[in-house]
Amino acid sequence: MIAELPLHRPTFGSLLDSDPAFLSNQEEDESSNKNSPTASNRMSPGYYNGSTPPSGEGSPYLSPWNQPSPYTKSPWVIPSPINHNFSKNGLVGSLAREEGHVYSLASSGDFLYTGSDSKNIRVWKNLKEFAGFKSNSGLVKAIVIHGDKIFTGHQDGKIRVWRVSSRNPSAYKRVGTLPTLKDYVKSSVNPKNYVEDPGTKTLKVWRVSDYKCLESINAHDDAINSVVTGFDSLVFTGSADGTVKMWRRELQGRRTRHFLVQTLLKHENAVTALAVNQESAVIYCGSSDGLVNFWEREKHLSHGGVLRGHKLAVLCLASAGNLVFSGSADKSICVWRREAGGVHLCLSVLTGHGGPVKCLAVEEDKESDEGDQHWTVYSGSLDKSVKVWRVSENAPRVEGVSSIHLD
């Protein structure tokens, strides 16, 4: 099933990934009333728990419930003081270094990796700075941890591979770079033109063991903003061309290839973020219009509905347990809980960042128990800070608010 949403708004394009000034200007245009509660409370850490929008609402383009977001009608930030003894959702603390906007995050156990436009990758352990390593290759756009290796994607179009020293846990060494020199020669591509391409339209598949490029697929008509691996050997790609595509890895002769299975979404707004919940087999898609669309495997990947909680573009998504988190250019993070039947409820809106929320990472809280699952959420922002939140799946739902989704 293809969800075609014929909403005619300007495409966000690849500017989303590299121009914080663009996001700041957009936010200022949307919030010109400096005396509004939104503007005055923008820096206040806390969470919204008032007239929260029902999530899982039917798409405004595919259902009769075409209603504007409640946020356009009422204050949507209610400040609350930092409380380290909270039992549900709230701010734990902040990590900050005056060295650039935070573009990427990855967490693994007690360790948190942060990347910025300073070319540095910082390593934090138990919320204290532990180590760091640097690559002279522009801002760090993505960080992925796989086994004992750390993969970092950079502005120059290359991926660096790092490994921690077996003798010194605070020392990191670069052990590889993608693409390799051999890849350049084989593809007969001018290296200068290749690495300076501001946005690629291709999906590349690499073998981790020897860093060999196995496939290069012309996947989209505009820059690919997000790639995630999913369930059932599926890969999902989201692009500035407004589409979400689903690819399957299949055996072809002695080799495996990725084939296009389905286009899940096609609309005028740039797709800016993707996330997969492996447990519930749900794929989430954020876009430049501030909406989050989702599809469910148990419903044969039919369009499940739309989560409407942001005033500006969704820049990042993360999912864990029954929760999904959406970070936005409006400086907030919406926390959604998936209920039985695919209905989503917005539990709270985390606020406190002074700039767009660019990246998210989630880890299970050590204090969780069977009756009360907690998560530690890390959010990186263009305000040059990382904030740490504690979120409970059992936070109370908003009374008097129903949820509408697509059957």
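Residues numbered from 1 in each chain as written. Predicted model: local features only at pLDDT ≥ 70, side-chain atom pairs only at ≥ 80, totals over all residues. Heavy atoms only, no water.

So, about the pattern of salt bridges. Within this structure, the stated rule accounts for 10 salt bridges. Residue Arg160 is joined to Asp156 by a salt bridge in which the shortest nitrogen-to-oxygen separation is 2.9 Å. In terms of burial, Arg160 and Asp156 fall into one category: buried. Taking the shortest distance from any N to any O, the salt bridge between Lys299 and Glu296 comes out at 3.4 Å. Its relative accessible area of 22% is what places Lys299 among the partly exposed residues. Judged by relative accessible area, Glu296 falls into the buried class, the value being 0%. Where salt bridges share partners, they join Glu296, Glu298, Lys299 and Arg338 into one cluster. (Salt bridge = Lys/Arg side-chain N within 4 Å of Asp/Glu carboxyl O. Buried < 20%, exposed > 50% of the residue type's maximum accessible area, 1.4 Å probe, protein only.)

Turning to the packing of aromatic side chains, a few remarks are in order. Under the counting rule described, the total for this entry stands at 6 aromatic pairs. Where Phe111 meets Phe130, the ring centres are 5.5 Å apart and the plane angle is 70°; that geometry is what we call edge-to-face. Here Phe111 is found in strand β6 (residues 111-116), whereas its partner Phe130 is found in strand β8 (residues 128-134), with 19 residues between them in sequence. Taking 4.8 Å as the distance between ring centres and 25° as the angle between the ring planes, the aromatic pair formed by Phe133 and Tyr172 counts as stacked. One end of the pair, Phe133, is in strand β8; the other, Tyr172, is in strand β12 (residues 172-178), with 39 residues separating them in the sequence. Residue Phe133 shares its accessibility class with Tyr172, and that shared class is buried. Here the aromatic cluster, defined as three or more aromatic residues joined through ring pairs, consists of Tyr113, Phe133, Trp162 and Tyr172. (Phe/Tyr/Trp six-rings, centres within 6.5 Å; stacked < 30°, edge-to-face > 60°. Helix = DSSP H or I, 4+ residues; strand = E, 2+ residues; numbered from the N terminus.)

Okay, the pairing of strand β25 (residues 333-338) next. The element β25 is largely enclosed, with a buried count of 6 among its 6 residues. Burial along β25 is two-sided: Ile333, Val335 and Arg337 and Cys334, Trp336 and Arg338, pointing in opposite directions, are all buried. One ladder, built from 5 bridges, connects strand β24 (residues 323-328) with β25; its direction is antiparallel. Looking across to β25, one finds that Gly327 is bridged to Ile333. What sits between the antiparallel neighbours β24 and β25 is a turn of 4 residues, in which Lys331 has the positive phi angle 80°. With antiparallel pairing between neighbouring strands as the criterion, β25 and strand β26 (residues 344-351) make up a hairpin whose turn holds 5 residues, including Gly341 at a positive phi of roughly 85°. (Pairing = 2+ DSSP bridges.)

Let us look at the sheet that holds β12. Here 4 strands make up an open sheet; going across it, the order is β9-β10-β11-β12 and the pairing antiparallel. On the outer flanks of this sheet lie β9 (140-146) and β12, each paired with one strand and no other. On average, adjacent strands in this sheet sit at an angle of 25° to one another, irrespective of strand direction. Direction of pairing for β9 relative to strand β10 (residues 149-154): antiparallel, over a ladder of 6 bridges. Its bridge partner being in β10, His146 is matched across the sheet by Lys149. (Axes fitted to C-alpha atoms, helices over the stretch in contact; angles between N-to-C directions.)

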